[in-house]
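Observations on the model geometry
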Amino acid sequence: MIKKKIVITLKSDLCVGSGYSFAGVIDSDSCYDELGLPFIPARRIKGCLREIGEMLDIPNLDAIFGKSGKSSLKDDETKFSIHDAKIKDYKKISEEIASSIYKKELTPEDILTQYSRVKAQTGIDMNGVSDNNSLRFTRVINHYDPLSDSHAELIFEAPIEISEAGINSELETIVKGLRHIGMNRNRGLGNVTCILTDMEADDNATISIKDKSVEKKVVKLSYTIRTESPLMISKNNDSETENYISGQMVLGFFASKYLYDNKADEIFDNIFLKNVVRFSPLYPSDNTGFIYYPAPSNICKLKKSGYIVNTSVSFPSENEEWEKNPRKGNQPKKLKGKFIREENGKIAINEVDTEIIFHNRHESKGIEKKLYSESAICAGQFFSGSIIGPYEYIDILKDILKKHSITFGKSRKTQYGKCSLVSAEINDLSPNSILTYDKGARILVSLRSDALFMDECGYTVRTDSVREAIKRALGIKENKESDIYTEIEVKELTGYYGVWNLKRQSIPCVCAGSTFEYELSENCTIDPSSVVGEKNGEGFGIIDITVNNGEWVICEKAGNAMETIASTESDAIKPIILAKKIEYFKAKIMQHIIKFDVSTLNTSTIGKFMLMLEEAVNASAKGCFNEETENKNKSVVVRELERRIDSIKTTKKRDVLEIYEKYYKKIFDSLDEEEKKCFESFDDDIKEGLRIFALKKSLVMMKYKSKEAKK
């Protein structure tokens, strides 16, 4: 696998349409991520590259880019994978934004404002007059990098992996030929230069997988990944995504990478076909690897008070406090589709962020033109899971995790599915964690993953058959005469054989979160790592066991999932933070000016004062100022403005000086200590710019209020 990157340098403003619009504000929006940083979607780049290949008459384009549609033939697959083009040093910038001490104040809109602006345009008729209803607003990415002191052109980098070295020269020629990307290419937007260059060392190579195993027998590999691009995880509905990565998909990833390096041998059969190794699903987690599991069906949230309750016990009496009482509209609501984690008696809830992505399929070679949308798991989220098996097999999987790029889901060779390894650790599977439950105890067995069960008729989801299968697997003896809680949810499990281009057989499946209560008729010991049902190697049948203590309220209110990120001073994003501070002081200025009373100056004098200020600023910019002016410690603008004010011969000179003193020299005297400290940290040019801004805006407000007073 040859790792390279496409370096895209902007030669003009750029609009890579996202398909979104905001009525009355923006008609065509550009692509940007959850932080507000712009990017170029990989599908857009690949489509433009193929278009260039056709223009240059490159032979065997299908061998390079693959054939559209589903195909079972390896020769029809694309020979390279490409991911979104992010701004240069994206990882460093995004990490600084996340860890900045200003992260609460620094919104995505603030960051996007530095990288983009909104342009307006209209259609023109034959007479040179704008057409009615033709005004359109487009967000464009700025030509120059806002973080560069030298006003360097903005650069994007798209990682690319080439599976066959033979296409390298053709691909390099095609990349060099790419000169335009995005909307309005024939109207001055989207001019770029592109080169194909070597990729730096893979980030995965810097991750140390800690091997803490002592016995080197049955071990557990725990690992955490971060989504670097959106993930589309197949569901029964092709346009929707799952909110986790299934064990089957994890197994498929490792199997494909093993076959890339080796042949299908006995080791392959043991790891991937005979359930010797168990691959768990990847569930959402925080950046330290604490996992959130599917919420059990008995754990609900009261609609009004937000209390977390256990619905496997009887409802409390009507005399119970209203916060805990499920009556009068405070009904318990299921946490369907959410993930939870219990810690220190409290429950934190995590909901995976998803987004809707629009695509436009162009008409070509009999393929119908179509605008369609798909949902995807957002980038920048963490998922964790584990692999359990003999040490010699886990050691092989560990090397795969370090050596290969991690991708999951659909379109993982173009735009989607890219992940990075955050941490990994190998530990012995401790035999000392066996749990003992006393006779008469009520235990709740909840499924942490989907489960498949069989009876004499085949796969089944019948409640009694499922309960019996769980009892046999765990060695439970129960008192059948007692009233017990059972809540089961089922679905149809489908899939797809890419090798044969065929759908899998549909199988009835018990959903994760289904919960079964048992009252023990004798003492019972259970290994918490036990699994139930069939196909455990593919991540099915993982369980969690808790004692049902009979309490209605589990905790008062649920917390939210939080990442553990230390706040630091930011270096790379200093220009963005500086711009945010300047905007803050401009807002303070406007708050002060808006309270201004009607001036004693007439509109004519105000207009002359505004002209003086404009001339002083222009003289400073052009270097056309009076060198003989005294007080050279003052800035050029101040010297030129004071010289012009001093030339006023009428009685209005005193009023002009008063306004100058109030809105230029003393405008920031009312700041508190923290604000003054921040203002004094600015360079002299920024301070002067803010004072000039204050004076200009105050004059505009005076002129407006003077006109209003005459009406």
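The notes below deal with the structure included here. Owing to the predicted nature of the structure, the values given are computational and were not obtained by experimental measurement.

Turning next to the overall build of the protein chain. The number of helices and strands found in the protein chain is 15 helices and 37 strands. Per-residue burial for the protein chain yields a buried fraction of 45% across its 711 residues. When contacts within the protein chain are restricted to residue pairs at least 6 apart in sequence, long-range pairs at least 24 apart make up 76% of them. Per element, the accessible surface of the protein chain, about 37800 Å² overall, is 49% carbon and sulfur.

Turning our attention to the sheet that holds strand S36 (residues 553-555). Backbone hydrogen bonds are what pair the strands of a sheet, in a parallel or an antiparallel way. The strand order S16-S14-S15-S36 describes an open sheet built from 4 strands, whose pairing is antiparallel. Each edge of the sheet is formed by a strand with only one pairing partner; in this case those strands are strand S16 (332-334) and S36. Across this sheet, the average inter-strand angle for adjacent strands is 45 degrees, counted without regard to direction. As paired elements, strand S14 (residues 299-302) and strand S15 (residues 308-310) share 3 bridges and run antiparallel to each other. Each bridged residue has a counterpart across the sheet, and for Ile299 the counterpart in S15 is Asn310.

Let's shift gears to empty space enclosed by the protein. The full count for this structure, using the stated rule, is 1 cavity of 30 Å³ or more. Taken together, Leu14, Val16, Ser30, Cys31, Pro38, Phe39, Ile40, Ile141 and Phe156 form the lining of the largest cavity. Per-class residue counts for the lining of the largest cavity are 8 nonpolar, 1 polar and no charged.

In this structure, Ile6, Ile8 and Phe156 are the most contacted members of the largest nonpolar core, which totals 49 residues. Among the elements that line this core, the one with the most residues is helix H1 (residues 42-55), at 5 residues. Filtering out sequence-adjacent residues up to four positions away, Phe156 remains in contact with Ile6, Val7, Ile8, Leu10, Leu14, Pro38, Phe39, Ile40, Ala85, Lys86, Ile87 and Ile141. With 42 residues, the next largest nonpolar core counts Leu231, Tyr292, Phe339 and Tyr391 among its residues.

So, on to unusual backbone geometry. Trans peptide bonds make up the majority, and among non-glycine residues the majority have a negative phi. Residues other than glycine seldom take positive phi values, yet Asn275 does so here, at roughly 60 degrees. With respect to the element layout, Asn275 can be found in the loop between helix H7 (266-272) and strand S11 (278-279). The backbone phi angle of Gln415 is positive, close to 85 degrees, even though this residue is not glycine. Assignment of secondary structure puts Gln415 in the loop between strand S22 (406-407) and strand S23 (418-428). On the basis of relative accessible area, Gln415 is assigned to the buried category, the value being 5%.

All right, on to the packing of helix H10 (residues 574-593) against helix H14 (residues 673-680) then. The description of two helices packed together rests on the angle between their axes and the distance between the axes. Packing of H10 against H14 brings their axes to within 11 Å, and their N-to-C directions diverge by 125 degrees. Looking at the two axes, H10 sits oblique to H14. Two packed elements cross with a definite hand, and for H10 against H14 that hand is left-handed. Within the contact between the two elements, H10 uses Lys581, Tyr584, Phe585 and Lys588 and H14 uses Glu675, Cys678 and Phe679. For the contact of H10 with H14, a count of residues per class yields 4 nonpolar, no polar and 3 charged.

Attention shifts here to the packing of helix H4 (residues 108-115) against H10. Across the interface, H4 lies against H10 with an axial gap of 10 Å and an inter-helix angle of 110 degrees. Taken together, the axes of H4 and H10 are roughly perpendicular relative to one another. On the side of H4, the interface is formed by Asp110, Ile111, Gln114 and Tyr115, while H10 contributes Ile576, Ala579 and Lys580. Taken together, the residues of the contact of H4 with H10 sort by class into 4 nonpolar, 1 polar and 2 charged.

Once that is clear, we can look at the environment of Thr354. Turning to its location among the elements, Thr354 is positioned in strand S19 (residues 354-361). Residue Thr354 is classed as partly exposed on the basis of its relative accessible area of 46%. Spatially, the C-alpha atom of Thr354 lies 9.7 Å from that of Glu240, the residues being 114 residues apart in sequence. Ignoring any residue separated from it by four or fewer positions in sequence, one finds Thr354 in contact with Thr241, Ala376, Ile377 and Cys378.

Right, let's get into the sheet that holds strand S33 (residues 515-519). Strand order in the open sheet formed by 4 strands is S28-S33-S25-S35, with antiparallel pairing between adjacent strands. What marks the edges here is a single partner per strand, and that holds for strand S28 (486-487) and strand S35 (543-547). Examined bridge by bridge, S28 and S33 share 2 bridges and lie antiparallel to one another. Each residue of the ladder has a partner; that of Glu487, found in S33, is Thr515.

Nonpolar side chains collect at one region of the surface, where Tyr20, Phe22, Val25 and Ile356 lie side by side and expose about 350 Å² of accessible area between them. Here Tyr20 shows up in the loop between strand S1 (2-10) and strand S2 (39-40). Residue Tyr20 is classed as partly exposed on the basis of its relative accessible area of 35%.

On to helix H8 (residues 391-403), then. Residues lying three or four places apart along an α-helix face the same way, a consequence of the helix completing one turn every 3.6 residues. Between the first and last C-alpha of H8 there are 18 Å, a value that for 13 residues agrees with the 18 Å anticipated at 1.5 Å per step. All buried positions along H8 are accounted for by Tyr391, Tyr393, Ile394, Leu397, Lys398, Ile400 and Leu401.

Right, let's get into a positive patch on the surface. A contiguous patch of positive charge, built from Lys301, Lys303, Lys304 and Lys333, is present on the exposed surface. Tracing the chain through its elements places Lys303 in the loop between S14 and S15.

Cut-off values and rules
- Residues numbered from 1 in each chain as written.
- Predicted model: local features only at pLDDT ≥ 70, side-chain atom pairs only at ≥ 80, totals over all residues.
- Heavy atoms only, no water.
- Helix = DSSP H or I, 4+ residues; strand = E, 2+ residues; numbered from the N terminus.
- Buried < 20%, exposed > 50% of the residue type's maximum accessible area, 1.4 Å probe, protein only.
- Contact = heavy atoms within 4.5 Å.
- Areas by Shrake-Rupley, 256 points an atom, 1.4 Å probe, with all protein chains shown as cover.
- Pairing = 2+ DSSP bridges.
- Axes fitted to C-alpha atoms, helices over the stretch in contact; angles between N-to-C directions.
- 1 Å grid on protein atoms, 1.4 Å probe; cavity = no way out; pocket = protein on both sides within 12 Å on 5 of 7 lines; lining within 4 Å.
- Points joined across faces, edges and corners; volume = space filled by probe spheres on them.
- Nonpolar A, V, L, I, M, F, W, Y, C, P; charged D, E, K, R; others polar.
- Core = buried A, V, L, I, M, F, W, Y, C linked by side-chain atoms within 4.5 Å.
- Parallel < 35°, antiparallel > 145°, perpendicular 65-115°, else oblique.
- Left-handed = near helix turned anticlockwise from the far one by under 90°.
- Patch = residues over 30% accessible without salt bridge, like charges linked within 9 Å, V, L, I, M, F, W, Y side chains within 5 Å.
- Salt bridge = Lys/Arg side-chain N within 4 Å of Asp/Glu carboxyl O.
- Expected span 1.5 Å × (residues − 1).
- Lys, Arg positive; Asp, Glu negative; His and termini not counted.
- Charge placed at Lys NZ, Arg CZ, Asp CG, Glu CD.

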